[in-house]
Amino acid sequence: MIKVLYLEDDLNFHETIVEFLEENDFDVTSTYNSEEVLNQLYENNFDILILDVNVPGQNGFDLLHDLRESNITTPAIFTTSLNRIDDLELGYKSGADDYLRKPFSLKELLLRINVLSKRIYNNKSNIINITPTIFYNINTQELSVDNETVNLKYKEIELLKLLIQNKNQCVHFETIYDTVWSYDEVSSETSLRTYIKNLRKSLGKDTIVSIKKQGYKLVV
C-alpha cells in the first residue's frame, strides 16, 4: 500500500481528498501545517508527498526546498490555486515532481499519483540483497534464504520491509509500533521481540542489531 503524506489546511477540501485517496487504497496521513509535515517525516517514511502551498507556517515551496536540502527525496506533488507560470517554475525549482492547479478533478489527481508511483517502483530494484544468499523480493514480498522461500507472518513482513527501507539506520521503537501495528491495535513489546527473533532465525543473528533503548537496525 502506497503511503501518502497530505498537507492541506482547507478542511472541506482536505476531507474530500483524503476520503477519495483512501477509497483508492492509499494509506493517507493528514497534516494541516508545515510543522506537522516535519514531525511526520521525522517519525515515519512515506512514498509520496502531496502539498498545498499557502498553508500555516512555512509555505509549501520553502518547506519542500528545505526538505530537499536535508536529502529527503520523497516524490512530491503540489496542489495549489497558484496558477502563474512563475509559481509553476518556483514549484519545480523547489524540488516538486508534479504541479496540479486547483480546481482539479479527483481522477486527474489519481492519474498523476499513479504515474508517479510507477516511476518510483520502476526506479527501485525489485530484489534486495540482504546477504549473498538472502534476498527479499519487493513485488512478491517474499524472503528467500539459500534459494528457498521463507514463510513469514504479516507483521514480520511489515517489520522486515520497514527495516529494509531504513537499512543501516536505527528504526526507533515508536516508528515500528506506528508502522507495523494499525491504529486500532495495541502494540506489544513482547510481540515485537518475537518478530525480531523469528527474522533473526532466517537472516542471521548479527543482521538485525539492537540499539539499546532506541530500536533496531538492519545491517546490509
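About the criteria used
Residues numbered from 1 in each chain as written. Predicted model: local features only at pLDDT ≥ 70, side-chain atom pairs only at ≥ 80, totals over all residues. Heavy atoms only, no water. Patch = residues over 30% accessible without salt bridge, like charges linked within 9 Å, V, L, I, M, F, W, Y side chains within 5 Å. Areas by Shrake-Rupley, 256 points an atom, 1.4 Å probe, with all protein chains shown as cover. Salt bridge = Lys/Arg side-chain N within 4 Å of Asp/Glu carboxyl O. Lys, Arg positive; Asp, Glu negative; His and termini not counted. Charge placed at Lys NZ, Arg CZ, Asp CG, Glu CD. Helix = DSSP H or I, 4+ residues; strand = E, 2+ residues; numbered from the N terminus. Buried < 20%, exposed > 50% of the residue type's maximum accessible area, 1.4 Å probe, protein only. Pairing = 2+ DSSP bridges. Right-handed = clockwise from strand over helix to strand, strands pointing away. Expected span 1.5 Å × (residues − 1). Axes fitted to C-alpha atoms, helices over the stretch in contact; angles between N-to-C directions. Contact = heavy atoms within 4.5 Å.

**A look at a negative patch on the surface**
- Together, Glu 15, Glu 19, Glu 22, Glu 23 and Asp 27 give the surface a local cluster of negative charge.
- For the negative patch, the element with the highest residue contribution is helix H1 (residues 11-23), accounting for 4 residues.
- The exposure class of Glu 19 is partly exposed, given its relative accessible area of 44%.

**Looking at the pairing of strand E5 (residues 98-101)**
- Pairing geometry for strand E4 (residues 76-80) and E5, over 4 bridges, is parallel. In the strand pairing of E5, Ile 77 is matched with Asp 98.
- With helix H4 (residues 85-93) bridging E4 and its parallel neighbour E5, the resulting β-α-β unit is right-handed.

**A word on the pattern of salt bridges**
- Tallied over the entire structure, the rule returns 10 salt bridges.
- With a shortest N-O distance of 2.7 Å, Glu 8 and Lys 102 are connected by a salt bridge. Of this pair, Glu 8 sits in the loop between strand E1 (3-7) and H1 while Lys 102 sits in the loop between E5 and helix H5 (106-122), placing them 94 residues apart in sequence.
- In this structure, Glu 158 engages Lys 161 in a salt bridge whose closest nitrogen and oxygen atoms are separated by 3.2 Å. Taken as a pair, Glu 158 and Lys 161 lie in helix H6 (residues 154-165) at a separation of 3 residues, close to a single helical turn.
- Several salt bridges share partner residues, and in doing so they unite Glu 8, Asp 52 and Lys 102 into one network.

**Regarding H6**
- In a regular helix each residue adds 1.5 Å, so 12 residues correspond to 16 Å; H6 covers 17 Å between its end C-alpha atoms and thus fits that length.
- Across the 12 residues that make up H6, a large majority, 10, are buried.
- Buried within H6 we find Lys 155, Glu 156, Ile 157, Glu 158, Leu 159, Leu 160, Lys 161, Leu 162, Leu 163 and Ile 164.

**Quick look at the sheet that holds strand E8 (residues 142-145)**
- Taken together, the 4 strands give an open sheet; going across it, the order is E6-E7-E8-E9, and neighbouring strands pair in antiparallel fashion. Each of the sheet's edge strands pairs with one partner strand only, and the pair in question is strand E6 (127-131) and strand E9 (148-150). Strand after strand, the sheet turns through a mean of 30° between neighbouring axes, direction not considered.
- Inspection of the sheet shows strand E7 (residues 134-137) paired to E8 by 4 bridges, in the antiparallel sense. Counted as the bridge partner of Ile 134 is Val 145 from E8.
- The strands touched by H6 are E6, E7 and E8; relative to E7, the strand with the most contacts, the crossing angle is about 100°.

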